[in-house]
Amino acid sequence: MTQIKAQFITLEGTEGVGKTSNLEYIKSLLDSAGIDYIVTREPGGTPLSEALRDMLLGSQFKGMSDDTELLLMFAARAEHVAKVILPALQQGQWVLCDRFTDATYAYQGGGRQLDMQRIQILEQWVLGDLRPDLTLLLDAPVEIGRERAGKRSEPDRFEQERDAFFNRVRDCYLQRARNDSTRMKIIDASGDLASVQQQIKTVFKALLPS
Ligand code: Z5A
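The shown structure was predicted, so the numbers you read here are calculated from the model rather than taken from an experiment. Residue positions are counted from 1 within each chain, in the order its sequence is given. Local features in a predicted model are, by the rule used here, given only for residues with pLDDT of at least 70; side-chain atom pairs are given and counted only at 80 or more, and totals for whole chains, interfaces and linings are based on all residues. Note: side-chain values were computed over all heavy atoms of the structure, leaving out hydrogens and water.

1. Regarding unusual backbone geometry
Logical step 1: Of the consecutive residues Glu42 and Pro43, the connecting peptide bond is found in the cis state with omega at -10 degrees.
Logical step 2: Here Pro43 shows up in the loop between β2 (37-41) and α2 (47-57).
Logical step 3: Of note in the backbone geometry, Arg99 takes a positive phi value of approximately 80 degrees without being a glycine.
Logical step 4: In DSSP terms, a helix is any run of H or I states spanning at least four residues, a strand is any run of E spanning at least two, and both are numbered starting from the N terminus. Tracing the chain through its elements places Arg99 in the loop between β3 (94-98) and α4 (101-111).
Logical step 5: A relative accessible area of 14% places Arg99 in the buried class. Classification of residues uses two cut-offs on accessible area relative to the type maximum, computed with a 1.4 Å probe and protein chains only: under 20% is buried, over 50% is exposed, and between them is partly exposed.

The following block contains the structure:
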């Protein structure tokens, strides 16, 4: 079997597009290929980052400023990268991460309309040269994702935003994917799970050792 360097793979998309559901499918593809990997998420992935996640998503600090939100996202990421992501990649383990910095560009940049240059500065500071090798952008109209997510649980601090916010988030994701099409693959997530998984399988076929 050809050995390839440990890959850093991220999943992105607006709420309810099916990241969690398809993560299970991706795990099954990696398992079948005998790949050693870890699964993690953002914000979160370490005890400190999970505590920050609770602050960011919960209702306790509902009125936090947009800058605070941005800085907390990167504080959580700094800890996650240092304690989990880099050590795993250095040991040859693949990393499968539910959301990463593209989410900051999309939500804090697109959604909250914060200055993209500030995000770039923080990205450079916190990540240095680290970038995902592959990002799957699960894309579906905002109404479809909201309808799917709505069937599930109490809305978090982001899920309480209006459709205009999520449409800016989606537009930003799509723009980034068009500008970086080698790394970011757009998956049409509006159809049934089987059709989404078929597209994911095609992307992974090109990546996994044969
Ligand atoms: N955030 C941020 O602002 N800045 C950042 O830098 C980062 C994050 C990293 C937490 O994300 C929030 O943090 C997020 C952005 C912000 N807020 N929002 N919105 P999260 O990933 O934990 O939360 P989420 O985006 O809301 O994820 P989710 O609701 O768990 O959605 P999902 O994982 O994409 O969907 P799912 O749970 O797999 O599926 C939802 C339902 O749809 C479920 O019942 C499935 O069975 C069903 N489903 C899934 N796919 C299909 C298809 N194809 N057909 C039919 N039904 C389906």
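Don't stop here, the text continues.
2. Observations concerning the site of the ligand
Logical step 1: Neighbouring residues of the ligand: 27 residues in total, closest Thr20, Ser21, Arg53, Arg99 and Thr104.
Logical step 2: By the criterion applied in these results, polar contacts are pairs of N or O atoms within 3.5 Å in which, for protein atoms, one can donate a hydrogen and the other can accept it, and in which residues neighboring in sequence qualify only through two side-chain atoms. For the ligand, an oxygen atom lies 2.6 Å from a polar atom in the side chain of Ser21.
Logical step 3: Arg77 places a side-chain nitrogen or oxygen 3.1 Å from an oxygen atom of the ligand.
Logical step 4: Contact with the protein chains hides 84% of the accessible area of the ligand, taken as 1100 Å² for the molecule alone.
Logical step 5: The definitions used throughout rest on a 1 Å grid laid over the protein atoms alone, on which a cavity is an enclosed set of points accommodating a 1.4 Å probe that cannot get out and a pocket is an open set flanked by protein within 12 Å on both sides along at least five of seven lines; lining residues are those having an atom within 4 Å of a point. For a cavity or pocket, the test is whether more than half of a molecule's atoms lie within 2 Å of its grid points; if they do, the molecule sits there. One can see that the ligand is located within the largest pocket.
Logical step 6: Contributions of two or more residues to the shell around the ligand are made by α1 (19-32), α2, α3 (66-90), α4 and α8 (193-207).
Logical step 7: Ranked by residue count, the leading element in the shell around the ligand is α4, at four residues.
Logical step 8: Residues were grouped as follows: Ala, Val, Leu, Ile, Met, Phe, Trp, Tyr, Cys and Pro as nonpolar; Asp, Glu, Lys and Arg as charged; and all remaining residues, including Gly, as polar. Classifying every residue of the shell around the ligand by side-chain character gives ten nonpolar, seven polar and ten charged. When we say a residue is near a molecule or strand, we mean one of its heavy atoms is within 4 Å of it. The method behind every accessible area is Shrake-Rupley, applied with a 1.4 Å probe, and residues are considered shielded solely by the protein chains displayed.

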